[in-house]
Amino acid sequence: GMAAGVKLGTGNAGDFRDMMLDGSNAAQKWGKDVDEIGAAMNRVRKETGDLDFAMKSADTIAMAARASHESIDGLGGLAATLHKSFSVTNDTLGDTLATVLSLGNKGGVSVAELTAGVTRFGTFVGSPLYLFRLRQFFVTIPRDLDVAS
């Protein structure tokens with residue numbers, strides 16, 4: 001269950017309690033499974049190495065799962081990739097996830113495909129152009145999809 005996964009993941013009793021609380025609050029608030037939220041938080045922490053981001057992302061991931069009917073695990077992976085590749089913070093995660101998911105819906109693209117696409121764009125990190133390219137990615141895709149539809 002959630003407790004075992006989170007405990008193994010953090011190795012710290014205080015972090016463990018905080019993660020359990022954040023996960024359980026998000027699950028109750030958005031009507032989602034607490035074990036799935038815990039697993040997604042653990043995945044985000046493992047993939048980003050950022051415990052604070054993982055804990056604070058629980059609410060956003062649960063909300064996105066409720067709104068989009070996508071898997072919590074898939075959204076956790078996407079959140080981790082956005083944080084790692086584009087330095088998306090908890091403050092901008094909700095808007096960024098919404099943008100990426102709406103682009104995916106317009107193009108009929110799955111969350112797994114979106115995560116892979118964002119990872120490809122993430123190779124620009126480290127170059128001064130990566131923010132510009134991320135912006136271009138978000139600006140040009142909706143037009144391309146609108147023209148195609």
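Use the structure listed above.
Residues numbered from 1 in each chain as written. Predicted model: local features only at pLDDT ≥ 70, side-chain atom pairs only at ≥ 80, totals over all residues. Heavy atoms only, no water.

**Student:** Would you take a moment to explain the overall build of the chain for this structure?
**Tutor:** Within the chain one finds eight helices and zero strands. Order of helices (α) and strands (β) in the chain, N terminus to C terminus: α-α-α-α-α-α-α-α. Evaluated residue by residue, the chain yields a buried proportion of 41% over its 149 residues. Within the chain, residue pairs in contact and separated by at least 24 positions form 64% of the contacts whose partners lie at least 6 positions apart. Carbon and sulfur atoms make up 54% of the accessible area of the chain, which amounts to about 7800 Å² in all. (Helix = DSSP H or I, 4+ residues; strand = E, 2+ residues; numbered from the N terminus. Buried < 20%, exposed > 50% of the residue type's maximum accessible area, 1.4 Å probe, protein only. Contact = heavy atoms within 4.5 Å. Areas by Shrake-Rupley, 256 points an atom, 1.4 Å probe, with all protein chains shown as cover.)

**Student:** How should the pattern of salt bridges be read in this particular structure?
**Tutor:** When the charged atoms of two side chains with opposite charge come close together, those side chains can pair. Taken as a whole and assessed by the stated rule, the structure comprises four salt bridges. Two residues, Arg43 and Asp73, come together in a salt bridge whose shortest N-O distance is 2.9 Å. With Arg43 in helix 3 (residues 34–48) and Asp73 in helix 5 (residues 72–86), this pair connects stretches of sequence that are 30 residues apart. A salt bridge links Lys56 to Asp52; its shortest N-O distance comes to 3.1 Å. Of this pair, Lys56 and Asp52 both sit in helix 4 (residues 51–68), separated by four residues, roughly a single helical turn. Bridged by salt links that share partners, the residues Arg43, Glu47 and Asp73 form one connected network. (Salt bridge = Lys/Arg side-chain N within 4 Å of Asp/Glu carboxyl O.)

**Student:** What should I look at first to understand the environment of Ile72 in this one?
**Tutor:** Within the secondary structure, Ile72 is located in helix 5. Here the alpha-carbon distance between Ile72 and Ile61, two residues eleven residues apart in the chain, equals 6.6 Å. In contact with Ile72, not counting residues within four places along its chain, are Lys32, Glu36, Ile37, Ala40, Ile61 and Ala65.

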